[in-house]
Amino acid sequence: MVEVEGVVEEIIFRNEQNGYTVLELDVEGDLVTAVGVMPFVTVGERIKVQGEWVVHPDYGDQIRVINYQTLSPNTLEGIERFLASGLIPGIGPVTARKIVERFGLDSLHVIETEPHRLREIKGLSDEKIKRISEAYEMQKGIKEVMVFLHQFGISSHMAIKIYKEYGNNAIEIIKQNPYRLADDIFGIGFKTADKIAESLGIDPHSTYRISAGARYVLMQYAANGHTYVPKELLKKETAQLLEVSEEEVEDAFVLLAQNEKIHIEKFEDNTVGVYYIPYYVAELHTAERLFTMTVTQCEDLKIDVQKEIRDFEKEAGIVLEKTQKLAVEEAIKNSVVVITGGPGTGKTTIINCIIRIFEKANKKVALAAPTGRAAKRITEATGKEAKTIHRLLEYTYTEEEGKGFNKNEKDPLKYDVIIIDEASMVDILLMNALLKAIPAGSRLILVGDADQLPSVGAGNVLRDIIDSGIVKVIRLKEIFRQQKESLIVVNAHKINNGEYPTYNDKNGDFFFLSVPTQEDMLKTILDLVTNRLPKAYGFHPVNDIQVLTPMKKGLIGVHNLNIELQKVLNPPSKDKAEKPMKEFTFRVGDKVMQIKNNYRMTWKRGDEEGEGVFNGDIGIIQSIDEELQEVTVYFDDEKVVSYDFSDLDELTLSYAITVHKSQGSEFPVVIMPVTYGPPMLLTRNLLYTAVTRAKKLVVLVGQEKYLKFMIDNNRISKRYSGLLSRLKKTLIYIQ
């Protein structure tokens, strides 16, 4: 066996999945090629390799590496190259040179044990020094974790995320419970965790494994909007996933229920459902609190509501129609009210009137919406600041207690009236948190469009509340005179009623371009975004135009549309930094979207700081810093967020997004392909949701037969939710 020491001169090739690396070592001035599994070696590192000489037919003599060891660099040049390698975020070539010039061979010792001395280098702030020190400590501890994880096929990128989550205890935590990875680490699924468990010797028929599998299936259903799963269905799918018997799964259910991890409930129709405990608790408490609010008499304002409405009409220069007036009256009289209606039916006007009346009566009013984009929209429409619900409830995250809200039953909101816009987007967990924080005697006004797609999160909350009959519901149906001129508004109502839309009026705002093939649809969409619409209307191709699509995959699915749109809207440039990812490249100026809730991500908004970036938030990449290894994004709600490179899998390009992801947002222009796809996606309410996202212009591109198919297909995906039945049970006490 041969053993050589040298400095890594160049990484010629590396497979990120299995760590196989081809590199060149500088061994006392001679270049030696080494090949083998060396997943974490970087340029500039000094390593010792052990292996065998082999002769490659094309590349000649090489060392096939059997073992390798990382050594501390022992020359000024070696230290500088190591520091400049990118292994330590915050140190690039310029900073590396300054450190070595100042501290020489003691450079690494200073960074490790006396980081405060880095202040001696001009241009290094205390914040940057802190980050360098932490990063150096991390890279020291991470390699052992990486080597452990790599045997299970975990990539270097994912290993860094795992280390950041668990720290130096990562190996111990994973050995104790590998299934935690599927819960805690975005990008690691149950199958990967299960493979690790198998390698660690966990019995495939153990109750421990089966319990983890059942919980995983439950969480997959929750991710698709269900608060519970029928027991027989859950049992069958868990058994299939794990390749065990249904009897073994049944035994695991008993243990999970005893440990209060799941709740098993028999419904009135004799079916049995299984809840993951947080969803059961949220559903139960939501029903209880709504019932309590409904039967609690709210304060009589002792005002002439009709006079107040007339005063508002005079000030605003408008006249409310009968149902709008009724909505205002009921909002004044009741503790809980739902106001629902499609576009152009005057929901915002009602909100403005309600706010004016309550504030004139010296009542404190809070206005909120589920997303930053929705909050920004209603702020612009009312002139009153709206917050996200998370911000209203003062979302917080601590290592000790995890995520939560400062505002709750112990410290409720100090408002007399809480108005929630875009209420169809509120899921069961968020509704429960909101209701907890509403003090006795306060009013809750839910405003939304019940005919849109339900929330991305679990539950069918707004629809269940409306259908329950326990709260006052006002349905707005009349389209106002000024809105009747908009084909967007008229066609939205036609689609919702199962009628075919009117389009292609030369001076209108709703167009259908008949295009026979998906290849031609793609070309037409690209031309519309980059050429036709900016020239004809002056729309900005990135800020004003949003491409929506029902599908994720295929030629006109989200993934391919984003790649093609990026090519024409933000092509490569020597002036723009970029960061290659597995499936695409991020570039300064790219439009991006957060695709998971990250409750720990910090943000800044001017002097304000906070935590939490949420699924569906859209922004623009401001900068990509290779030295700091971070990407900075400016979001629509003016939050600025810096992403470590290891967190970039939480972002995706968003020149095109799915209709589901567009909920709660409005865009000046919406373009959508209309073509064949799964019937469960080509539905009436998906088309309705897409059309109602547009403020100024809708352009549908595709085949008319599929447009008609979508309108005729009034299929609404069933969501397993027990809220409706819980609310209905309380009717007997109200009536």
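Here is what the cut-offs are and how they apply
Residues numbered from 1 in each chain as written. Predicted model: local features only at pLDDT ≥ 70, side-chain atom pairs only at ≥ 80, totals over all residues. Heavy atoms only, no water. 1 Å grid on protein atoms, 1.4 Å probe; cavity = no way out; pocket = protein on both sides within 12 Å on 5 of 7 lines; lining within 4 Å. Points joined across faces, edges and corners; volume = space filled by probe spheres on them. Helix = DSSP H or I, 4+ residues; strand = E, 2+ residues; numbered from the N terminus. Nonpolar A, V, L, I, M, F, W, Y, C, P; charged D, E, K, R; others polar. Pairing = 2+ DSSP bridges. Axes fitted to C-alpha atoms, helices over the stretch in contact; angles between N-to-C directions. Parallel < 35°, antiparallel > 145°, perpendicular 65-115°, else oblique. Contact = heavy atoms within 4.5 Å. Salt bridge = Lys/Arg side-chain N within 4 Å of Asp/Glu carboxyl O. Buried < 20%, exposed > 50% of the residue type's maximum accessible area, 1.4 Å probe, protein only. Patch = residues over 30% accessible without salt bridge, like charges linked within 9 Å, V, L, I, M, F, W, Y side chains within 5 Å. Areas by Shrake-Rupley, 256 points an atom, 1.4 Å probe, with all protein chains shown as cover. Core = buried A, V, L, I, M, F, W, Y, C linked by side-chain atoms within 4.5 Å. Phe/Tyr/Trp six-rings, centres within 6.5 Å; stacked < 30°, edge-to-face > 60°. Lys NZ or Arg CZ within 6 Å of the ring centre and 35° of its normal. UniProt positions renumbered as here; feature names shortened; annotations may be inferred.

A. Seen up close, empty space enclosed by the protein. Under the definition given, this model contains one cavity of 30 Å³ or more. Volume-wise, the largest cavity comes out at about 40 Å³. Every residue lining the largest cavity is listed: V529, P541, V542, I545, V547, L565, L569, K591 and Y655. Of all elements in the fold, only strand 18 (545-549) and helix 23 (558-569) reach the threshold of two or more residues within the lining of the largest cavity. Of the residues belonging to the lining of the largest cavity, the class tally is eight nonpolar, no polar and one charged.

B. A look at the sheet that holds strand 5 (residues 60-71). Read around the closed barrel, the five strands follow the order 1-2-3-5-4; overall the barrel is mixed. Pairwise comparison of adjacent strand axes, ignoring direction, gives a mean angle of 50 degrees for this sheet. Here strand 4 (residues 46-56) runs beside strand 5; their pairing, made up of eleven bridges, is antiparallel. Paired with Q50 across the bridge in strand 5 is N67.

C. Broad picture of the packing of helix 9 (residues 207-223) against helix 11 (residues 246-258). Two elements in contact, helix 9 and helix 11, have axes whose closest approach is 9 Å; the angle formed by their N-to-C orientations is 80 degrees. In terms of orientation, helix 9 lies roughly perpendicular with respect to helix 11. Of the residues in helix 11, those touching helix 9 at T207, I210, S211 and A214 are E248, V249, A252, F253, L255 and L256. Partitioned by chemical class, the residues of the contact of helix 9 with helix 11 number seven nonpolar, two polar and one charged.

D. Focus on the pattern of salt bridges. Under the counting rule described, the total for this entry stands at 43 salt bridges. R97 serves as the salt-bridge partner of E80, at 3.6 Å between the closest nitrogen and oxygen. Here the residue E80 occupies a position in helix 1 (residues 76-83), and R97 occupies one in helix 2 (residues 93-103), the gap between them amounting to 17 residues. By relative accessible area, R97 is classed as partly exposed at 39%.

E. Looking closely at a nonpolar patch on the surface. Taken together, the side chains of I12, F13, Y20 and V37 define a hydrophobic patch exposed on the protein surface, amounting to about 370 Å² of accessible area. By the element assignment, I12 lies in strand 1 (residues 2-14).

F. Representation of the side chain of T524 in the model. With respect to the helices and strands, the residue T524 is situated in helix 22 (residues 518-537). Residue T524 is classed as buried on the basis of its relative accessible area of 14%.

G. Spatial organisation of the nonpolar core. Ranked by size, the top nonpolar core spans 68 residues in total, and within it I418, I420, L434, L444 and I465 carry the most contacts. Examining the composition of this core, we find that seven residues originate from one element, helix 9, more than from any other. Setting aside residues up to four positions removed in sequence, I418 forms contacts with A366, L392, L413, L434, I438, S442, R443, L444 and I445. Core analysis: the next-biggest nonpolar cluster, separate from the first, contains 44 residues, V588, Y655, I671 and V699 among them.

H. Spatial organisation of the packing of aromatic side chains. The tally for this structure, following the rule as stated, stands at 14 aromatic pairs. Taken together, a centroid distance of 5.8 Å and an interplanar angle of 65 degrees make the contact between Y179 and Y208 edge-to-face. One end of the pair, Y179, is in the loop between helix 6 (170-176) and helix 7 (180-184); the other, Y208, is in helix 9, and 29 residues separate them in sequence. Using a relative accessible area of 5% as the deciding quantity, one classes Y179 as buried. Linked through ring pairs, Y228, F267, Y275, Y280 and Y720 together constitute an aromatic cluster. A cation over an aromatic ring shows up here: K364 above the ring of Y415, its NZ or CZ 5.1 Å from the ring centre.

I. Layout of the UniProt feature "binding site: ATP" (unreviewed entry) in the protein chain. Here, the residues flagged by UniProt with the feature "binding site: ATP" (unreviewed entry) are G344, T345, G346, K347 and T348. By secondary structure assignment, the location of K347 is in helix 15 (residues 347-360). In this view, K347 contacts G341, G342, V447, G448 and L476; residues no more than four positions away in its chain are not counted. Tracing the backbone shows T348 in helix 15. Discounting residues that sit within four places of it in the chain, T348 has contacts with R377, I378, A381 and T382.

J. Representation of the sheet that holds strand 14 (residues 417-420). An order of 11-10-14-15-9-16 is seen for the six strands of this open sheet, with the pairing classed as parallel. The strands lining the two open edges of the sheet, one partner per strand, are strand 11 (387-388) and strand 16 (472-476). Strand direction decides the pairing type here: strand 10 (residues 365-369) and strand 14, joined by four bridges, are parallel. Looking at strand 14, one finds that V365 is bridged to V417. Sheet strands in contact with helix 16 (residues 372-382) are strand 10 and strand 11, and its direction is about 135 degrees off that of strand 10.

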